[in-house]
Amino acid sequence: MSTLELSRWQFGITTVYHFIFVPLTIGLSLLVALLQTAWLVKKDPAYLRLTKFFGKLFLINFAVGVVTGIVQEFQFGMNWSAYSKFVGDVFGAPLAMEALLAFFMESTFLGLWIFGWDKLSPRLHLATIWLAAIGTSLSAYFILAANAWMQHPVGYTVNPVTHRAELTSIIALLTNSTALASWPHVFFASFLITGAVVIAVAAWHLRHPGGSGDAESAADEVALFRKVLRLGLGITLAAAVATAATGDVQARLMDSQQPMKMAAAEALYNTESPASFSLFTIGSLNGNKELWSVRVPYLLSLIATLDPPGTVQGIDNVARAYVKKYGPGDYKPVIPVTYWTFRLMIGFGLLAGLLALIGLWLTRRRRELPRSSSFYRVAIWAVVLPYLGTTSGWIFTEMGRQPWTVFGVLKTQQSVSAGVTPSSVIISMTVFTLLYATLAAIAGRLAVRHIKAGAPQESPADQAGPQLPVFSY
Amino acid sequence: MSLPAFWFILIAVLWTGYFVLEGFDFGVGLLLPVLGRDNIDRRLMINAIGPVWDGNEVWLLTAGGATFAAFPLWYASMFSGFYLALLLILVALIIRGVCFEFRGKVDSPRWRSRWDVAIVVGSAVPALLWGVAFANIVRGVPLNASHVYTGNLLSLLNWYGLLGGLTTLSLFALHGAIFLSLKTDGEMRHRARALAVRIAAAAVPIAAGFLIASQVSHGKAATDATAGLAAVALVGAVWAASRGREGLAFTGTAITLALSVATLFGDLWPDVFRSTTSAAYSLTVSNASSSHYTLTVMTWVALIFTPVVLAYQGWTYWVFAKRLTRSDISMPTATDLPPAQVGGRP
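In short, a report on the structure. (Residues numbered from 1 in each chain as written. Chains lettered and ligands numbered in written order. Predicted model: local features only at pLDDT ≥ 70, side-chain atom pairs only at ≥ 80, totals over all residues.)

1. Observations concerning the overall build of chain A
At step 1: Secondary structure assignment for chain A yields 15 helices and six strands.
At step 2: For chain A, the C-alpha radius of gyration of 24 Å lies close to 23 Å, the compact-globule estimate for 473 residues.
At step 3: In terms of its C-alpha atoms, chain A occupies a principal-axis envelope of roughly 75 × 50 × 40 Å.
At step 4: For chain A, the residues scored as buried account for 50% of the 473 residues in total.
At step 5: Taking the intrachain contacts of chain A between residues at least 6 apart in sequence as the baseline, contacts between residues at least 24 apart amount to 77%. (Helix = DSSP H or I, 4+ residues; strand = E, 2+ residues; numbered from the N terminus. Rg over C-alpha atoms; globule rule 2.2 N^0.38 Å. Buried ≥ 20, exposed ≤ 12 C-beta atoms within 10 Å, placed from the backbone. Contact = placed C-beta atoms within 7 Å.)

Okay, structure coming up:
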């Protein structure tokens with residue numbers, strides 16, 4: 001394999017892996033901030049227990065997210081130096097801003113939160129987790145603005161002398177319609193994951209009500225985690241609706257900004273009006289032979305244009321237009337990948353939302369909790385659904401942009417580092433893959449251990465007077 | 001001052017922040033098995049840097065981001081050129097970062113001792129390699145006409161590069177020992193201070209040798225002054241440490257690191273990534289920089305937000321200014337106690 005192919009695989013592996021940890025960091029930091037606020041307002045020690053319990057889970061997840069994030073910033077230069085040279089003037093700005101405005105805030109205030117329980121006043125201590133959480137979401141905005149520029153380049157010009165892109169408007173870059181649409185989508189998808197994690201945690205404890213062994217504390221545990229379960233179900237359902245709605249906004253932008261990606265999402269080869277949406281297809285997806293498919297009429301037109309009989313351009317039509325505009329070349333992404341990841345993204349997200357709705361119904365007020373073990377098994381294992389959804393979504397949006405790194409401006413094959421040998425990339429890819437697999441195993445084991453250990457009761461001494469640093473290493 | 005010159009200085013400042021701050025937490029990591037005689041000692045050491053190490057590491061990310069935004073050609077050539085060296089640094093930083101969080105999560109001496117090894121290796125590798133990298137940047141590396149690095153990992157391991165690596169390794173160890181003597185109390189404070197003086201016996205000649213070698217080959221009048229002052233600050237730091245004046249000693253090693261970075265960047269100026277193949281192939285402050293507009297925007301962002309960051313990071317150090325002692329380390333875990341006592345616990 002060439003440096004190009006290896007570098008693409010490495011970028012894919014490291015980025016997908018990094019994004020396993022990012023959404024939970026975004027969602028849990030805000031959830032913990034809300035729980036701690038509730039504790040300060042209502043003075044109910046249950047909220048303090050949950051703050052600390054989900055806080056520790058957050059930190060296990062955060063550690064892996066942070067360290068894998070360092071790789072992200074470095075590998076643009078390491079593997080994609082031609083890209084970095086070409087776009088640095090534009091793309092470097094949001095990255096530098098992310099570090100200066102968001103990373104410092106996130107890490108400094110998180111350090112204060114972890115170690116500051118007995119050093120700061122309760123209000124000030126609460127402010128630190130809010131600032132860390134805001135830093136996290138702010139960081140997501142900057143990196144999504146950078147990514148949005150690759151999907152839909154704005155506010156730049158290509159210098160004819162240096163043949164490099166140059167920024168002409170930072171405002172245009174930061175208010176790119178694509179960034180304004182993708183940030184809410186990613187933000188709500190993060191809560192889809194966070195809600196699913198909260199559900200899984202609560203379901204495990206409702207299934208194994210331990211407490212300190214006596215019946216009274218077991219009943220307390222059930223009462224507490226019933227509330228937690230309902231909270232998780234509510235978050236998941238709301239997040240599913242919001243993720244779908246923001247994704248729907250993105251679909252129209254994609255149709256106008258990257259029509260090839262829209263066509264590739266449906267494997268629609270010829271322009272149609274109206275266009276139907278296939279729930280799934282058995283066949284080769286190469287436009288020749290479709291054995292069987294289940295189709296919803298008008299739906300693709302509706303997604304892409306908001307108009308039932310609206311026109312959706314086909315892959316072949318767009319490809320011909322691109323050849324005319326950008327010169328000869330192959331402008332088709334890998335269609336089976338875009339086709340299936342688009343469906344899996346939507347399908348996993350909707351399934352998570354649907355299960356949450358059923359869960360809310362089954363646990364509704366004044367009703368006993370379900371006894372069937374399959375209810376809890378589903379509630380626990382459903383945690384993988386939104387993770388698969390977000391992973392599919394990123395693979396779709398990045399693979400759907402191919403053959404471009406910067407749409408219409410720079411191709412992926414022109415982006416790779418000139419001086420890096422395939423053997424170097426084989427080494428780095430192997431090292432990252434093995435290291436990340438080990439980290440996943442360790443972090444997963446620690447997270448499960450922590451979840452099973454549960455939320456210990458706060459002793460009265462802990463709530464009054466100075467405490468020992470709760471989270472110190 | 002031109003904007004590219006301003007950004008050259010700002011990037012030097014960011015690296016200074018990184019070396020001064022993460023320098024001591026690399027040092028604490030390196031000295032874990034030396035000063036940490038038992039688990040309480042080790043936890044004391046880790047907690048001494050606990051609230052700040054992650055924020056310290058962001059200085060590196062900001063230096064990287066600033067280089068990307070202000071000198072894209074430098075970022076592209078250097079990061080792809082130093083591919084395998086950076087891979088080693090990244091792996092070390094990844095392992096080290098999760099160590100602090102994961103080490104205390106399982107109460108088993110075997111679990112902890114594995115993470116302790118990882119902390120030492122994860123601190124030693126970047127502490128050594130940052131010096132190797134910077135020495136080679138100043139010395140120059142083989143770059144072709146398209147500014148593409150044509151050497152390999154081994155070409156970085158020349159004597160000057162290795163001397164640079166030993167300089168950062170030993171200075172960070174010294175800086176870390178002095179930090180611990182400033183941040184802890186009791187036995188740890190005294191042992192850390194005594195160790196600092198012993199480390200200095202190696203660090204002072206190594207750093208002096210490296211600074212002299214740098215000035216002989218690449219020096220200028222201005223950097224002769226900064227190098228000389230760096231040496232004075234270093235000797236002063238050791239003197240202060242030996243007299244028990246930890247605050248002064250820490251200021252001394254911090255100034256040494258800052259002036260050493262200033263010396264190296266001064267020696268590099270006006271190049272940013274120097275070619276040994278031909279001087280014409282070097283990347284310079286002017287031919288590697290971003291457009292005037294980008295630099296203007298980023299200058300405003302930096303001028304507004306850097307003071308804010310400095311203020312809240314400085315405040316963090318003030319919040320955690322109190323010296324830590326063994327008794328601050330919360331409840332000993334079962335395996336901290338001698339085996340005979342374990343059975344007696346409820």
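2. As for the overall build of chain B
At step 1: Looking only at helices and strands, one finds 13 helices and two strands in chain B.
At step 2: Relative to a compact globule of 346 residues, whose C-alpha radius of gyration would be 20 Å, chain B shows 21 Å and is just as compact.
At step 3: Viewed in the frame of its principal axes, chain B has a C-alpha envelope of about 75 × 40 × 40 Å.
At step 4: Looking at chain B alone, contacts between residues at least 24 apart form 78% of all its contacts between residues at least 6 apart.

3. Brief notes about the environment of A:K119
All names here are of chain A.
At step 1: Here K119 is to be found in the loop between α3 (81-115) and α4 (122-151).
At step 2: Take K119: there are 16 C-beta atoms within 10 Å of it, and that puts it in the partly exposed class.
At step 3: When the C-alpha atoms of K119 and V296 are compared, they prove to be 60 Å apart, with 177 residues separating the residues in sequence.

4. Observations concerning the interface of chain B and chain A
The figure often quoted for interface size is the accessible area lost as the parts come together.
At step 1: Across the contact, 60 residues belong to chain B and 58 residues belong to chain A.
At step 2: Secondary-structure elements contributing two or more residues to the side of chain B that touches chain A are α3 (39-49), α4 (53-70), α5 (72-81), α6 (83-102) and α12 (292-319) of chain B.
At step 3: Here the element with the most residues in the side of chain B that touches chain A is α6(B); it accounts for 13 residues.
At step 4: The residue inventory of the side of chain B that touches chain A, partitioned by class, reads 36 nonpolar, 19 polar and five charged. (Nonpolar A, V, L, I, M, F, W, Y, C, P; charged D, E, K, R; others polar.)

5. Focus: the pairing of strand β4 (residues 290-296) of chain A
All names here are of chain A.
At step 1: With zero of its seven residues buried, β4 lies for the most part at the surface.
At step 2: By the bridge criterion, six bridges tie strand β3 (residues 277-283) to β4 in an arrangement that is antiparallel. In the sheet register, I282 faces β4, and the bridge partner there is W292. (Pairing = 2+ DSSP bridges.)

6. Some details on unusual backbone geometry
All names here are of chain A.
At step 1: Of the consecutive residues S273 and P274, the connecting peptide bond is found in the cis state with omega at 0°.
At step 2: With respect to the element layout, P274 can be found in the loop between α8 (259-266) and β3.
At step 3: Geometrically, the link from Q402 to P403 is a cis peptide bond, its omega value of 10° lying close to zero.
At step 4: Within the secondary structure, P403 sits in the loop between α13 (384-399) and β5 (404-406).
At step 5: Non-glycine residue K43 carries a positive phi angle of around 60°.
At step 6: Mapped onto the elements, K43 comes out in the loop between α1 (3-42) and α2 (45-79).
At step 7: Positive phi values are uncommon outside glycine, yet H163 reaches one of about 55°.
At step 8: Tracing the chain through its elements places H163 in the loop between β1 (156-159) and β2 (164-167).
At step 9: Residue H163 is classed as exposed on the basis of its C-beta count, with 9 C-beta atoms lying within 10 Å.

7. Considering helix α9 (residues 187-218) of chain B
Spacing of three or four residues puts side chains on the same side of an α-helix, whose turn is 3.6 residues.
Residue and element names in this part refer to chain B.
At step 1: Here α9 spans 44 Å end to end across 32 residues, near enough to the 46 Å set by a 1.5 Å rise per residue.
At step 2: Looking at α9, one finds that the buried residues are M188, A192, R193, L195, A196, I199, A200, A203, A207, F210, L211 and S214.
At step 3: Turning to α9, the residues buried within the fold contact α2 (32-35), α3, α7 (109-139), α8 (159-183), α10 (221-242) and α11 (246-268). (Expected span 1.5 Å × (residues − 1).)

8. Section: the nonpolar core
At step 1: Counting residues in hydrophobic clusters, the biggest one holds 271 residues, and the most contacted among them are A:A96, A:I199, B:L86, B:L90, B:A177 and B:I178.
At step 2: At 23 residues, the largest contribution of residues to this core is made by α3(A).
At step 3: Those residues in contact with B:L90 that sit more than four places away from it in its chain are A:I70, A:V71 and A:F74. (Core = buried A, V, L, I, M, F, W, Y, C linked by C-beta atoms within 7 Å.)

9. Some details on the packing of α1(A) against α13(A)
Residue and element names in this part refer to chain A.
At step 1: The contact between α1 and α13 brings their axes to 10 Å, and the two run at 130°. In terms of orientation, α1 lies oblique with respect to α13. The hand of the α1/α13 crossing is right-handed. Of α13, the residues touching α1 (which contributes V16, F19, I20 and P23) are Y387, T390, T391 and W394.
At step 2: Residue classes in the contact of α1 with α13 are distributed as six nonpolar, two polar and no charged. (Axes fitted to C-alpha atoms, helices over the stretch in contact; angles between N-to-C directions. Parallel < 35°, antiparallel > 145°, perpendicular 65-115°, else oblique. Left-handed = near helix turned anticlockwise from the far one by under 90°.)

10. Focus on the environment of B:T168
Residues and elements named next belong to chain B.
At step 1: Here T168 is to be found in helix α8.
At step 2: Taking the C-beta count within 10 Å as the criterion, T168 has 28 such neighbours and is therefore assigned buried.
At step 3: Counting along the chain gives 128 residues from T168 to T296, while the straight-line C-alpha distance between them is 33 Å.
At step 4: Ignoring any residue separated from it by four or fewer positions in sequence, one finds T168 in contact with A127, L128, W130 and G131.

11. Describing α6(B)
At step 1: Compared with an ideal rise of 1.5 Å per residue, which puts 20 residues at 28 Å, α6(B) spans 28 Å between its outermost C-alpha atoms and is within 8% of the ideal.
At step 2: The buried fraction of α6(B) is high, at 18 of 20 residues.

12. Concerning the packing of α1(A) against α4(A)
Residues and elements named next belong to chain A.
At step 1: The contact between α1 and α4 brings their axes to 9 Å, and the two run at 160°. Accordingly, the angle class assigned to the pair α1 and α4 is roughly antiparallel. In this structure, α1 meets α4 at a crossing whose hand is left-handed. For the pair α1 and α4, the contacting residues are T25, I26, S29, L30, V32, A33, Q36, T37 and L40 in the first and P122, L126, I129, W130, A132, A133, T136, S137 and A140 in the second.
At step 2: Looking at the contact of α1 with α4 residue by residue, the class counts come to 12 nonpolar, six polar and no charged.

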